[in-house]
Amino acid sequence: MNSGQEPAGRFSLSVDVARSEAVVSARGSLDEAGLVELVDLLDYVIAGRCSAVILDLVEVDWLAPSAPAVIASAEQQLAAESRTLSIRSPSTSVERRLVAGGLGQLISDEEFELMPMPSAQSAAIVARVPDNADPHLPGRFAEQSGASPTDTDLVDATLRLVVELARTTVTGADGVSVSLRRHGRLATVAASDRTILEMDAEQYAAGEGPCVDASIKGRRFHARSLEDEDRWPTFTPKARALGIQAILSSPLVAHNHSVGALNIYSRQPWAFADADQALAMRFATEASAVLTDAAVDGTDDGRSERFEASLRSREVIAQAQGVIMERDGITEVEAYRVLRVYSQRTGISLRARAEEVARSTRPGHPSLGPRREGGPRG
Amino acid sequence: MAEPEPDHFDRSRRDAGLTRGELWLRYFELGGMSSAYQVEAYLYGALKPSDHDHDVIAHALNERFVELGGNHPVPYVDDPVPD
């Protein structure tokens, strides 16, 4: 069958709704009549409460030209309610139509021939392995020394937060990293441990792997079981040698350009259930939104002053919390409340107060002394 | 003790003239740890924030009201400080 011509239309649709997700499956040739029914089904699941909708097009061999618009509309409705839509589609022709319709990011399967990408070989890919790969949350490294973190540190701190959140919330995640293209190269900017750093570095060195593909091609790559994986012959044996069995790489996209990937690694094959994949996509979408906000002009390293200021603000508040915790022997949340109540009483912004408190500990600065500017609860 | 109505935050947000994204950025700036999605869910009342998160969002809104020449109209979870 020539996939470019509409075949004699015959399709079937079904829906399977579980508590947190709905799978809408289509088979055959999804022509305009099929789309009308698909819209009805999507409306039905959108009206439900499930947080993730999976559109299974695995057995669809032809897709009407207007399908991407229909699917995009459903995705927008779901996204407006913080819900996700992902697409399973192994057929090259179906995938082409979806990618051409701007839906490449939603595609979650990979059992099909990859589309040639003109930029795939042009980006130099090398690893940049940070000296310290610990996944410190923002706010922690500022306590380590009096030095101000650099701008890059500040941006990366947010990505470390994403890594930490993904690692703790995605079931089956043994390690997580974020790769970003900077100066034309892929680099790991946040990783949960050294094995994960090595995993990323092996992919950069080989120029292949789910992380590299997701970063370059802008859609998700899921290696469900490395034992059965043949897409990355150089990288896969190295990953298995380090005990990795499953990898889920979700693209990070800023201003419609693929800029990197969120990579989740597991020591168990078939570790990531549909709900975990949906969660990973949500983290990637969110990181993408942050990167989009941060990018000034779409270049690799562009970041808005506003976003950098936000990160600096977080740092200084965390630093002040640390000072107050030590001074008053109270918890982090209580220390925050001390700052907040002071701000509320005086009209001085919380950040400005935090700067005063943080500055008070620097050499040569008069101490704020034992005065408590609000006191903990009670 | 102030137990805000479910839509309280979103109404305050509109009164403060902030988009949801802008409010999240301000919340993030103040050290908030919840994602933009979660904060939206708090605004809609779909999720209940922790007391701490509640107060960080309230403070983000209140600082905006101060910028607009107002006071701190959005209540905190416990013992709001009398003026």
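Quick note: structure is the one above.
In short, a report on the structure. (Residues numbered from 1 in each chain as written. Chains lettered and ligands numbered in written order. Predicted model: local features only at pLDDT ≥ 70, side-chain atom pairs only at ≥ 80, totals over all residues. Heavy atoms only, no water.)

**Observations concerning the overall build of chain A**
Piece 1. The helix and strand inventory of chain A stands at 11 helices and 9 strands.
Piece 2. For chain A, the proportion of its 378 residues judged to be buried stands at 53%.
Piece 3. Taking the contacts inside chain A whose residues are at least 6 apart along the sequence as the reference set, 64% of them involve residues at least 24 apart.
Piece 4. With an accessible surface of roughly 16600 Å², chain A has 49% of that area assigned to carbon and sulfur atoms. (Helix = DSSP H or I, 4+ residues; strand = E, 2+ residues; numbered from the N terminus. Buried < 20%, exposed > 50% of the residue type's maximum accessible area, 1.4 Å probe, protein only. Contact = heavy atoms within 4.5 Å. Areas by Shrake-Rupley, 256 points an atom, 1.4 Å probe, with all protein chains shown as cover.)

**Topic: the packing of helix H2 (residues 20-29) of chain B against helix H3 (residues 36-44) of chain B**
Residue and element names in this part refer to chain B.
Piece 1. Contact pair H2 / H3: the axes reach a minimum separation of 10 Å and the direction vectors enclose 115°. Classed by the angle they form, the pair H2 and H3 counts as roughly perpendicular. Here the hand of the crossing between H2 and H3 comes out right-handed. Contact with H2, carried on its side by Arg20, Leu23, Trp24 and Tyr27, involves Ala36, Val39, Glu40, Leu43 and Tyr44 of H3 and no other residues of that element.
Piece 2. Partitioned by chemical class, the residues of the contact of H2 with H3 number 7 nonpolar, no polar and 2 charged. (Axes fitted to C-alpha atoms, helices over the stretch in contact; angles between N-to-C directions. Parallel < 35°, antiparallel > 145°, perpendicular 65-115°, else oblique. Left-handed = near helix turned anticlockwise from the far one by under 90°. Nonpolar A, V, L, I, M, F, W, Y, C, P; charged D, E, K, R; others polar.)

**As for the sheet that holds strand E5 (residues 175-182) of chain A**
All names here are of chain A.
Piece 1. Pairing is antiparallel in the open sheet, where 5 strands are placed in the order E6-E5-E9-E8-E7. If you trace the sheet from one side to the other, it starts and ends with strand E6 (185-191) and strand E7 (221-223), each paired once. Across the sheet, the mean angle from the axis of one strand to that of its neighbour is 20°, orientation sign disregarded.
Piece 2. Pairing analysis gives 9 bridges linking strand E8 (residues 246-254) to strand E9 (residues 257-266), with the strands arranged antiparallel. Pairing of Leu252 across the sheet is with Gly260, part of E9.
Piece 3. Seen against the sheet, helix H6 (residues 210-217) touches E5, E6, E7, E8 and E9 and runs at an angle of roughly 155° to E9. (Pairing = 2+ DSSP bridges.)

**Description of the nonpolar core**
Piece 1. The biggest cluster of nonpolar side chains holds 37 residues, and the ones touching the most others in it are Ile317(A), Ile57(B) and Leu61(B).
Piece 2. Sorting the residues of this core by element identifies helix H9 (305-328), helix H10 (332-346) and helix H11 (350-359) of chain A together with H2, H3 and helix H4 (51-67) of chain B as the ones contributing at least two each.
Piece 3. The element that contributes the greatest number of residues to this core is H9(A), accounting for 7 residues.
Piece 4. When near neighbours in sequence (up to four residues on either side) are disregarded, Leu61(B) contacts Phe9(B), Ser12(B), Arg13(B), Ala16(B), Leu18(B), Leu23(B) and Val74(B).
Piece 5. In terms of nonpolar packing, the next biggest core, distinct from the first, is built from 30 residues, Val60(A), Leu85(A), Leu98(A) and Leu106(A) among them. (Core = buried A, V, L, I, M, F, W, Y, C linked by side-chain atoms within 4.5 Å.)

**A word on the pattern of salt bridges**
Piece 1. In the structure shown here, the tally under the stated rule is 17 salt bridges over all chains.
Piece 2. For the salt bridge of Asp56(A) with Arg88(A), the shortest nitrogen-to-oxygen distance reads 3.5 Å. Taken as a pair, Asp56(A) in strand E3 (residues 52-63) and Arg88(A) in strand E4 (residues 84-88) lie far apart in primary sequence, 32 residues in all. Of the two residues, Asp56(A) and Arg88(A), both sit in the buried class.
Piece 3. For Glu67(B), the salt bridge goes to Arg26(B), with nearest N and O atoms at 3.0 Å. A residue pair is termed long-range when its members are at least 10 positions apart, and Glu67(B) in helix H4 and Arg26(B) in helix H2 qualify at 41 residues.
Piece 4. Take Arg26(B): its relative accessible area is 12%, and that puts it in the buried class.
Piece 5. Through salt bridges that share partners, Asp10(B), Arg13(B), Arg14(B) and Arg20(B) make up one connected network. (Salt bridge = Lys/Arg side-chain N within 4 Å of Asp/Glu carboxyl O.)

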